[in-house]
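# Coordinate inspection notes
Residue-level listing of the chains:
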Amino acid sequence: MNQEDLFKNVISHAKEYGFVFPSSEIYDGLSAVYDYGQLGAELKNNIKAYWWKSMVQMHENIVGIDSAIFMHPTTWKASGHVDAFNDPLIDNKDSKKRYRADVLIEDHITKIEAKIDKEIKKAEKRFGDSFDADMYKETNPRVKGYIDKISSIEKRMKRCLDEGDLEDLKQLILDEEIADPIGGSRNWTDVRQFNLMFSTEMGSVAEGSNKIYLRPETAQGIFVNYLNVQKTGRMKIPFGIAQIGKAFRNEIVARQFIFRMREFEQMEMQFFVKPGTEMEWYAYWKEERMKWHRSLGISEDSYRFHDHIKLAHYANAAADIEFKFPFGFKELEGIHSRTDFDLKQHEEHSGKKLQYFDPEENKNYVPYVVETSIGLDRMFLAMLSYAYTEEQLEDGSERTVLKLPAKLAPYKVAILPLLKKDGLPEKAREIMAQLQEDYMCQYDEKDAIGRRYRRQDAIGTPFAVTVDHQTLEDQTVTIRERDSMQQERVSIDQLDGIIRAKLKS
Ligand code: ATP
């Protein structure tokens, strides 16, 4: 199956089984806004809990907060979002489609990268074991040409974005002969800047209204509470404040399902450090966050780092953790060294000091900040698209299975009485009652057992417990593992231990 078909199948599977629905679907939906269904809400909660546990529970020096979505409008003046939270947009005059100019160029670079990969794969085949890919990249004229081309496009794009040279950004698109990915036309408008914040009014108009924004990131809620938390929690630097919450961006191009939404959720942590130590902490958090992703048991080649060429207005170093989505490697999480930019800006705009007294140094300073910021919805999509598998079984039949990490699976156990009679449902209910307090369980007695297994495979339930006549005699059941489909006869008392061990691994 090619990646495009895979992605389509993932989207329709998500809808069919109650993971993700288009928002207000009965009115034909709302562009780039989605609702999470009964299984989606579980998966999302499990991702949040896993993040919160690793960031807050497992770090003595990190605490979590929950700040409001609405904030004083000056917050966004101070943070730079009113003036600089823009995307360069460009329209295609023929297809009438709108794109982010930088994304068009990045996608063009990805295509050149694919050509390099193809050349290398070809050479690898030709030269066999003695092949040295790095050497080949340096010496093969065609590959070297591609690499130089990428580097010159990146340099020119960075200059345009840094200096706001929108004319040359358009020229770059023309020079590279970049075509509309949908319509194929090269008939482009000029590039314009577009602010991504949603605004609304607070208070009734009669009272005199006040323009406020829906927060485009959760981070500012942490910065404005920095001193509240530091003082009430008696926090000592280095320390972190974490938060999970909604963010809103009026994205120009809302494509790719829940990858780019207008309303989404972020899991962010701001780590406050002594000035001058930020690069050490930046390196530390890059590694820590990558470890977190890998701890879910997903293949290592699904992730890679991408160091930013264009730094945001607040950062002195930034990298993304990219995930191999069905549409290619794309940003899943950002790690940013934000300097003291935000706290200083808030000091200036509020007139309040946001400093830390360092007892070891015996002086006050504005801390530096290293941020980790992951999109909950992107993590959801990463897990869903990685887990989605169509398998051909030995007996020739097929199954669709979600190989979700057990920790994240919506249901942990399915309880299945073999027959709907002879006291088996009652026994199954009894087992369910024992497990339900600790695990999300689903009871199912409808249809043949094989079909019930398939239904559980399709929603990623790691274990199915079948209750049969022997259960009534000797208190044993069969437990079937989702991925291997192996079945084992165990006593009811062992179930808790087996499930617990799997969820810990
Ligand atoms: P992109 O370049 O893809 O627009 P970004 O660099 O603007 O993303 P950040 O501002 O660093 O993103 O936000 C941190 C994280 O929030 C991202 O890594 C991503 O996972 C998530 N995120 C950002 N925008 C969206 C969105 N529109 N929909 C879903 N998740 C998002």
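Residues numbered from 1 in each chain as written. Predicted model: local features only at pLDDT ≥ 70, side-chain atom pairs only at ≥ 80, totals over all residues. Heavy atoms only, no water.

The subject of this paragraph is the sheet that holds strand β22 (residues 476-481). Pairing in this open sheet of five strands is mixed, and the strands run β20-β19-β21-β22-β23 from one edge to the other. Among the strands making up the open sheet, the edge pair consists of β20 (441-443) and β23 (487-491). Neighbour-to-neighbour, the strand axes of this sheet turn through a mean angle of 25°, independent of strand direction. Contacts from helix α15 (residues 449-459) reach β19 (413-417), β20, β21 (463-467), β22 and β23 within the one sheet, and its direction differs from that of β19 by about 170°. (Pairing = 2+ DSSP bridges. Helix = DSSP H or I, 4+ residues; strand = E, 2+ residues; numbered from the N terminus. Axes fitted to C-alpha atoms, helices over the stretch in contact; angles between N-to-C directions. Contact = heavy atoms within 4.5 Å.)

Below, the discussion takes up the site of the ligand. As a structural note, the neighbourhood of the ligand is formed by 16 residues, with Glu251, Arg260, Met261, Glu331 and Leu332 the closest of them. The contact in question runs from a nitrogen atom of the ligand to an N or O atom on the backbone of Phe259, over 3.4 Å. A distance of 2.6 Å separates an oxygen atom of the ligand from a polar atom in the side chain of Glu331. Coverage of the ligand by the protein chains reaches 87% of its 600 Å² of free accessible surface. Contributing elements (two or more residues each) for the shell around the ligand: β10 (263-273), β13 (328-339) and β16 (368-375). A breakdown of the residues in the shell around the ligand according to their chemical character gives four nonpolar, five polar and seven charged. (Near = heavy atom within 4 Å. Polar contact = N/O pair within 3.5 Å; in protein donor to acceptor, adjacent residues only side chain to side chain. Areas by Shrake-Rupley, 256 points an atom, 1.4 Å probe, with all protein chains shown as cover. Nonpolar A, V, L, I, M, F, W, Y, C, P; charged D, E, K, R; others polar.)

Once that is clear, we can look at unusual backbone geometry. At the junction of Ile237 and Pro238, the peptide bond is cis and its omega measures out at 5° in the coordinates. Residue position: Pro238 is located in the loop between α10 (226-232) and β9 (239-248). Even without glycine at this site, Glu177 takes up a positive phi of about 55°. Its location among the elements puts Glu177 in the loop between α8 (166-175) and β6 (192-195). Residue classification places Glu177 among the exposed positions, given a relative accessible area of 52%. The phi dihedral of Met485 is positive, around 60°, even though this residue is not glycine. Taking relative accessible area as the criterion, Met485 reaches 26% and is therefore assigned partly exposed. (Buried < 20%, exposed > 50% of the residue type's maximum accessible area, 1.4 Å probe, protein only.)

Our next topic: the sheet that holds strand β4 (residues 86-91). If you walk across this open sheet you meet the three strands as β5-β4-β6, and the pairing is antiparallel. At either end of the open sheet lies a strand with only one pairing partner, and these are β5 (98-100) and β6. Across this sheet, the average inter-strand angle for adjacent strands is 45°, counted without regard to direction. The pairing of β4 with β5 spans three bridges and is classified as antiparallel. Considered in β5, the bridge of Asp91 is made with Arg98. Helix α5 (residues 101-127) contacts β4 and β5 of the sheet and is inclined by roughly 70° relative to β5.

With that out of the way, let us pick up the pairing of β16. Burial runs high along β16: eight of the eight residues are buried. Of the two faces of β16, the one holding Tyr368, Val370, Thr372 and Ile374 and the one holding Val369, Glu371, Ser373 and Gly375 are both buried throughout. Bridging between β10 and β16 involves eight bridges; their strand directions are antiparallel. From the neighbouring strand, Glu268 faces β16, where its bridge partner is Ser373.

In this section: the side chain of Asp180. Its location among the elements puts Asp180 in the loop between α8 and β6. Lys97 is the oppositely charged side chain nearest to the buried, salt-bridge-free Asp180, at an N-O distance of 7.8 Å. A polar atom in the side chain of Asp180 sits 2.5 Å from the side chain of Tyr99. With residues up to four places along the chain from it excluded, the contact list for Asp180 reads Asn92, Ser95, Lys97, Tyr99, Ser185 and Trp188. (Lys, Arg positive; Asp, Glu negative; His and termini not counted. Salt bridge = Lys/Arg side-chain N within 4 Å of Asp/Glu carboxyl O.)

Moving on to the nonpolar core. Buried together is how nonpolar side chains tend to be arranged in soluble globular proteins. Membership of the largest hydrophobic core comes to 58 residues, with the highest contact counts inside it found for Phe19, Trp51, Phe380 and Met383. Here this core takes eight residues from helix α13 (residues 376-387), the largest share from any one element. In contact with Phe380, not counting residues within four places along its chain, are Phe19, Val20, Tyr36, Gly40, Leu43, Lys44, Ile47 and Ile258. Among the nonpolar cores identified, the runner-up in size contains 25 residues, and Ile90, Ile112, Ile120 and Leu172 belong to it. (Core = buried A, V, L, I, M, F, W, Y, C linked by side-chain atoms within 4.5 Å.)

So, on to the domain arrangement of the protein. Domains assigned within the protein are domain 1 (1-6 + 16-69 + 208-400), domain 2 (86-195) and domain 3 (411-504). The straight-line distance from the C-alpha centre of domain 1 to that of domain 3 is 36 Å. Buried area between domain 1 and domain 3, both sides added, is near 830 Å², and the carbon and sulfur share of it is 59%. When the buried area of domain 1 at its contact with domain 3 is split by residue, Tyr17, Leu39 and Arg399 rank highest and sum to 52% of it. If you look at where domain 1 meets domain 3, you find one salt bridge. Among the salt bridges present, the one from Asp457 reaches Arg399, with a minimum N-O distance of 3.0 Å. Between domain 1 and domain 3 we count three residue pairs in polar contact (both at pLDDT 80 or more) in total. Counting residues per element, the ones that place at least two in the side of domain 1 that touches domain 3 are α2 (38-57) and β18 (398-402). When grouped by side-chain class, the residues that make up the side of domain 1 that touches domain 3 number four nonpolar, three polar and three charged. (Domains from an automatic or database assignment. Buried area = accessible area lost by both parts, 1.4 Å probe.)

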